Amino acid sequence: MTASALDPGTALLVVDLQRATTSLPSAHDMDGVIANAVRLAGAFRQRDLPVVLVSADLNRPPAGRTELGGNRPPIPEAALALVPQLDPQPADLRVVKSGWGAFAGTDLAGTLTRLGVTQVVIAGVATTFGVESTARQAYDLGFTVTVVVDAVTDPRAEAHEQSVARVFPVLGETATTEEVLALLPIRA
């Protein structure tokens, strides 16, 4: 399904495009995913629509045991930085999360609501982790959700395809970068 419309109050959420996460193996060309996220951010900024740059504090995971354990060495601060291509701007909103989704444990929902945002467009990594968790949380909070399928990727192609084909259509709509750009309002 292609996105049918963008609300006047739409924000772009760019999830976890950090040096540490973008350097990992991925099912799709990471340079292309980053380039599409950069194009989206530029278009949203040009139209004075909110751009939210979300990063994970990978050295501060949520409490609780996992089967993978937690005995890995700390990740250097430089690796936690956003990829430089995003060129963060002073007007961009920044969210640092410790869990998978951008809303849990942060004030993102309140901030977006105060700004009049009713829809979120999501790009970033990983499709089945940060992106899907953020989309699920946004949906549960009442935001209209659009996931940009050529601006997200996952370590595993089959996992990415599962989310794109079966999860995202239930949470909202999907679109390509070009389709989202075509739906953005023309700035007067």
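Use the structure listed above.
What you see is a predicted model, and the numbers here were worked out from it, not measured in a lab.

How each quantity is defined
Residues numbered from 1 in each chain as written. Predicted model: local features only at pLDDT ≥ 70, side-chain atom pairs only at ≥ 80, totals over all residues. Heavy atoms only, no water. Helix = DSSP H or I, 4+ residues; strand = E, 2+ residues; numbered from the N terminus. Rg over C-alpha atoms; globule rule 2.2 N^0.38 Å. Buried < 20%, exposed > 50% of the residue type's maximum accessible area, 1.4 Å probe, protein only. Contact = heavy atoms within 4.5 Å. Areas by Shrake-Rupley, 256 points an atom, 1.4 Å probe, with all protein chains shown as cover. Lys, Arg positive; Asp, Glu negative; His and termini not counted. Charge placed at Lys NZ, Arg CZ, Asp CG, Glu CD. Axes fitted to C-alpha atoms, helices over the stretch in contact; angles between N-to-C directions. Parallel < 35°, antiparallel > 145°, perpendicular 65-115°, else oblique. Nonpolar A, V, L, I, M, F, W, Y, C, P; charged D, E, K, R; others polar. Salt bridge = Lys/Arg side-chain N within 4 Å of Asp/Glu carboxyl O. Pairing = 2+ DSSP bridges. Core = buried A, V, L, I, M, F, W, Y, C linked by side-chain atoms within 4.5 Å. Right-handed = clockwise from strand over helix to strand, strands pointing away.

Caption draft 1: How the structure looks around the overall build of the protein. Along the backbone of the protein there are seven helices and six strands. Mapped from its N terminus to its C terminus, the protein presents α and β elements in the order β-α-α-β-α-β-α-β-α-β-α-β-α. For 188 residues, the compact-globule estimate of 2.2 N^0.38 gives 16 Å, and the C-alpha radius of gyration of the protein, at 15 Å, lies within 12% of that figure. Its C-alpha atoms give the protein principal-axis dimensions of about 50 × 35 × 30 Å. Split into buried and exposed, the 188 residues of the protein put 46% on the buried side. Sequence-distant contacts in the protein: of pairs separated by 6 or more residues, those separated by 24 or more amount to 82%. Carbon and sulfur atoms provide 56% of the accessible area of the protein, an area that totals close to 9500 Å². In the protein, the 14 positive side-chain charges and the 20 negative ones have mean positions that sit 5 Å from each other.

Caption draft 2: Seen up close, the packing of helix H5 (residues 127–140) against helix H6 (residues 157–171). Between H5 and H6, the least distance of the axes is 11 Å, while the angle of their chain directions is 5 degrees. Put simply, H5 runs roughly parallel to H6. Contacts between H5 and H6 involve Thr127, Thr128, Val131, Glu132, Ala135, Arg136 and Tyr139 on the former and, on the latter, Ala159, His160, Ser163, Val167, Phe168, Val170 and Leu171. In terms of residue class, the contact of H5 with H6 is built from eight nonpolar, four polar and two charged.

Caption draft 3: Here's a closer look at the pattern of salt bridges. Applying the stated rule across the entire model yields six salt bridges. Lys97 is the salt-bridge partner of Asp16, the closest N and O atoms lying 3.0 Å from each other. Here Lys97 lies in strand S3 (residues 93–97) and Asp16 lies in the loop between strand S1 (10–15) and helix H1 (19–22), a separation of 81 residues in the sequence. The salt bridge partner of Arg45 is Asp92, with a shortest N-O separation of 2.7 Å. With a gap of 47 residues between them, Arg45 in helix H2 (residues 30–46) and Asp92 in the loop between helix H3 (77–80) and S3 connect regions that are remote in the sequence. A residue is classified by how much of its surface remains accessible, and Asp92, at 9% relative accessible area, is buried.

Caption draft 4: Seen up close, the sheet that holds S1. One open sheet holds the six strands; their spatial order is S3-S2-S1-S4-S5-S6, and the pairing between them is parallel. Each end of this open sheet is capped by a strand with a single partner; those strands are S3 and strand S6 (173–175). Adjacent strand axes in the sheet meet at a mean angle of 25 degrees, parallel and antiparallel pairs treated alike. Here strand S4 (residues 119–125) runs beside strand S5 (residues 144–153); their pairing, made up of six bridges, is parallel. Counterpart to Val121 in the pairing with S5 is Thr146. Sheet strands in contact with H5 are S1, S4 and S5, and its direction is about 170 degrees off that of S4.

Caption draft 5: Here's a closer look at the environment of Leu141. On the secondary structure map, Leu141 appears in the loop between H5 and S5. For Leu141, a relative accessible area of 48% translates into the label partly exposed. When residues no more than four places from it in sequence are discounted, the contact partners of Leu141 are Phe103 and Ala109.

Caption draft 6: Spotlight on the nonpolar core. Ranked by internal contacts, the top residues of the largest apolar core, which has 29 residues, are Leu12, Leu17, Leu40, Phe44 and Val180. Among the secondary structure elements, those contributing two or more residues to this core are S1, H2, strand S2 (51–56), S4, S5 and helix H7 (177–183). Look past the residues within four positions of Val180 in its chain and what remains in contact with it is Leu6, Leu40, Phe44, Val121, Thr146, Val148 and Ala175.

Caption draft 7: Main features of the pairing of S4. Of all seven residues in S4, seven are buried, a share of seventy percent or more. Here S4 shows two buried faces, one formed by Gln119, Val121, Ala123 and Val125 and the other by Val120, Ile122 and Gly124. Note that S1 and S4 share six bridges and pair parallel. Looking at S4, one finds that Val14 is bridged to Ala123. Of the crossover connections in this fold, the one passing from S4 over H5 to the parallel S5 is right-handed.

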